[in-house]
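Residue-level structure breakdown
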Amino acid sequence: MARAEVADTWAGRLRGLLGRRTLPEALLLSPESSVHGAGMRVPLDVALLDSRGVVLAVQVLRPWAVTRPRPAVTAVLEAPLGSFERWGLRVGSTVSVGDAPDDSATP
C-alpha cells in the first residue's frame, strides 16, 4: 500500500511531477489517458488504469518518452522507478482511491 497525491485538475495534471526535488510515493492523474516524460530527469513506473482502477498496462517511462493513449484508460498512476515491483502492482491489479483526509489514492 502507498499513499498517492491526486492530480484531478487541469493545472495539477499539467505540472505532474515536473520540477520536484523529491517525488511523492505516487501521483494519480485523473482523468488522463496518457503521460509524457518531457522535462523529467529520472524514469518512472507508470500504470494505465480503467474507470474501475484496474491496471491495463504498466511500463517504465523514460525521460522524454510518452505513453500511447488507449481507449479504455481513464487515469494514470506514476511512481518512482521500482515502486510497482515493491508493491506487486501489475496488469490486472486494482488501484483504489480512499477517503483519506488529504484525498490520497492507495495503489
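On a predicted model such as this, the values are computed, not experimentally measured, just so you know.

According to the stated counting rule, one finds one aromatic pair in the structure shown. Between F84 and W87 the ring centres are 5.8 Å apart and the planes differ by 40 degrees, which places this aromatic pair in the tilted class. Placement of both F84 and W87 in helix α2 (residues 83-87) is noted, with a separation of three residues, approximately one turn of the helix. We classify F84 as buried; its relative accessible area is 5%.

A separate point is the pattern of salt bridges. All chains considered together, the criterion is met by one salt bridge. Linking D50 and R52 is a salt bridge whose minimum nitrogen-to-oxygen distance equals 3.1 Å. For D50, a relative accessible area of 11% corresponds to the buried category.

On to the environment of T22, then. Residue placement: T22 occurs in the loop between α1 (10-15) and β2 (27-29). Residue classification places T22 among the exposed positions, given a relative accessible area of 65%. With 58 residues separating them in the primary sequence, T22 and P80 have C-alpha atoms 10.0 Å apart.

Definitions and cut-offs
- Residues numbered from 1 in each chain as written.
- Predicted model: local features only at pLDDT ≥ 70, side-chain atom pairs only at ≥ 80, totals over all residues.
- Heavy atoms only, no water.
- Phe/Tyr/Trp six-rings, centres within 6.5 Å; stacked < 30°, edge-to-face > 60°.
- Helix = DSSP H or I, 4+ residues; strand = E, 2+ residues; numbered from the N terminus.
- Buried < 20%, exposed > 50% of the residue type's maximum accessible area, 1.4 Å probe, protein only.
- Salt bridge = Lys/Arg side-chain N within 4 Å of Asp/Glu carboxyl O.

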